[in-house]
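Commentary on secondary and tertiary structure
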Amino acid sequence: MCELSELGKLLRNAREQRGYTLDDVQDITKIRKRYLEAIEEGDYKVLPGSFYARAFVKSYAETVGLDAEEVFRLYQRELPSPAADVAADQPMVKPRRASVRSSDRWGKWGFRVLMWSFLLLIGAVIYTYVVKNQDAGDKRTADNTTPITEAIEPDTGAEENQAGAVGGGTEAAGSEDAGTEAPLVQDEPETVETTLTFIERTGNTERYAVSPAGVHRYEIEVADGMRSWVEIRAGSRNGEKIHYKEERGPVLISYDLEGPVYLNIGSTRSVEIRIDGVVLPDGDTDVRRFLIEPAEGTDGGAAANPAGNPAG
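So, here is what we can say about the structure in this document.

Thresholds applied
Residues numbered from 1 in each chain as written. Predicted model: local features only at pLDDT ≥ 70, side-chain atom pairs only at ≥ 80, totals over all residues. Heavy atoms only, no water. Helix = DSSP H or I, 4+ residues; strand = E, 2+ residues; numbered from the N terminus. Buried < 20%, exposed > 50% of the residue type's maximum accessible area, 1.4 Å probe, protein only. Contact = heavy atoms within 4.5 Å. Axes fitted to C-alpha atoms, helices over the stretch in contact; angles between N-to-C directions. Left-handed = near helix turned anticlockwise from the far one by under 90°. Expected span 1.5 Å × (residues − 1). Arc of directions from axis to C-beta. Pairing = 2+ DSSP bridges. Core = buried A, V, L, I, M, F, W, Y, C linked by side-chain atoms within 4.5 Å.

1. Digging into the overall build of the protein chain
What the protein chain contains, in helices and strands, is eight helices and 10 strands. Across the 312 residues of the protein chain, 36% fall into the buried class. Considering only contacts within the protein chain whose residues lie at least 6 apart along the sequence, 68% involve residues at least 24 apart.

Next up, the structure:
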């Protein structure tokens, strides 16, 4: 067996202090035992790639109670650089993202055209109904007044009674017209589109503000044949775990969440992140972390409440 690396010694000592064997760590992290042994020995060539080496070290460190970010900071020279995986991931993303954004634009324009067509149709129906009622009322008024004037003669009781009967009919017709009202038509509620605004970069975490307040659909899509670490937490990087595993594409992870949401995504050049269909901008690093918070002035400061299920 090879001599343990400095990082390997740190991980092994933390594991032994907790009373864990390599088999225990394998059961918890789902990482093969031979990969765990390679990490302790510093033999990263055994691992399937630099991205997975860093992901495995992160999972190992968290399992034995260490701060993964601090481990990466102290031993970044010992860990393999993720730059080797970048060139292989990049070509697969650009054409697919362009088609997704183009589809989103056409979808928005189609919805607007459909909404305006519906409103114009309602207006045409109301206008036709009002014009027909007005024409029918004018016709009934002319029919009821002209014959009565011509039929009335002085000192003729029977004809006066007949005129009274006709007049009563006119009043009844007028009452019926007065009781007829045009139906109320409610306007379609205005659709509020989701917007994402970059706030700042704190350390290695990018902060974005999302509006309006309420529940939003978070979608993380891993490209076909690619692998990526996907971590979703409620509230902050130390919040409740909602999704915490390595994914292999093609797969679509989808959750309906409210309030602040923390995302930790590996191999981001083969992953597309969408919030209500709005795509988060591309970055220049292989691993990216986001904190999505409700915009100021909106009622959305509560902790996230997961309501969706991942779909692949």
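Still to come is the rest of the account.
2. Some thoughts on the packing of helix α2 (residues 22-29) against helix α3 (residues 33-41)
Contact geometry of α2 with α3 gives a least axis separation of 9 Å together with a crossing angle of 115°. Handedness of the α2/α3 crossing: right-handed. Contacts between α2 and α3 involve L22, D23, V25 and Q26 on the former and, on the latter, K33, L36, E37 and E40.

3. Topic: helix α1 (residues 6-17)
Relative to the 16 Å expected for 12 residues at 1.5 Å per residue, α1 spans 17 Å between its end C-alpha atoms, a close match to the ideal helical length. Among all positions of α1, only L7, G8, L11, A14 and R15 are buried. Looking straight down α1, one finds that the buried residues subtend no more than 135° of arc, so they occupy a single side. Looking at the residues trailing α1, positive phi occurs at G19, about 80°.

4. Some words on the sheet that holds strand β8 (residues 271-275)
The strand order β6-β3-β8-β9 describes an open sheet built from four strands, whose pairing is antiparallel. In the strand order of this sheet, the two ends are held by β6 (251-258) and β9 (278-279), each with one partner. Across two bridges, β8 lies against β9 in antiparallel orientation. Within β9, the position partnered with I275 by the bridge is V278.

5. Here's the deal with the pairing of strand β2 (residues 205-211)
The buried fraction of β2 is high, at five of seven residues. Sheet topology places strand β1 (residues 195-202) next to β2; seven bridges connect them, and they run antiparallel. Its bridge partner lying in β2, T197 is registered against A209. Counted along the chain from β1 to the antiparallel partner β2, the turn is two residues long, and its residue G203 has a positive phi close to 65°.

6. Topic: the nonpolar core
Core analysis: the largest hydrophobic core is formed by 25 residues, its most contacted members being L7, I39, Y44, L47, F56, V57 and Y60. Broken down by secondary-structure element, the contributors of at least two residues to this core are α1, α2, α3, α4 (50-63) and α5 (68-74). Of the residues forming this core, the biggest block, seven residues, is contributed by α4. Formed by 24 residues, the second largest nonpolar core is a distinct cluster that contains V222, I232, V261 and L263.

7. Points about unusual backbone geometry
A cis amide bond links S211 to the next residue, P212, at an omega of 5°. Checked against the element boundaries, P212 lands in the loop between β2 and β3 (215-222). Following G249, the chain continues to P250 via a peptide bond in cis, the omega torsion being 5°. Looking at the element boundaries, P250 is found in the loop between β5 (240-248) and β6.

8. Side note on α4
Between its terminal C-alpha atoms α4 stretches 20 Å, which fits the 20 Å expected from 14 residues at 1.5 Å a residue. Most of α4 sits out of view: 12 of its 14 residues are buried. Along α4, the residues classified as buried are S50, F51, Y52, A53, A55, F56, V57, K58, S59, Y60, A61 and T63. G65 occupies a position one or two residues after α4 and carries a positive phi of about 90°.

9. A word on the environment of Y20
Mapped onto the secondary structure, Y20 falls in the loop between α1 and α2. Classification of Y20 by relative accessible area gives partly exposed; the value is 24%. Sequence separation of Y20 and V64 is 44 residues, and the distance between their C-alpha atoms is 8.2 Å. Discounting chain neighbours no more than four positions away, the residues touching Y20 are R15, V25, I28, T63 and V64.

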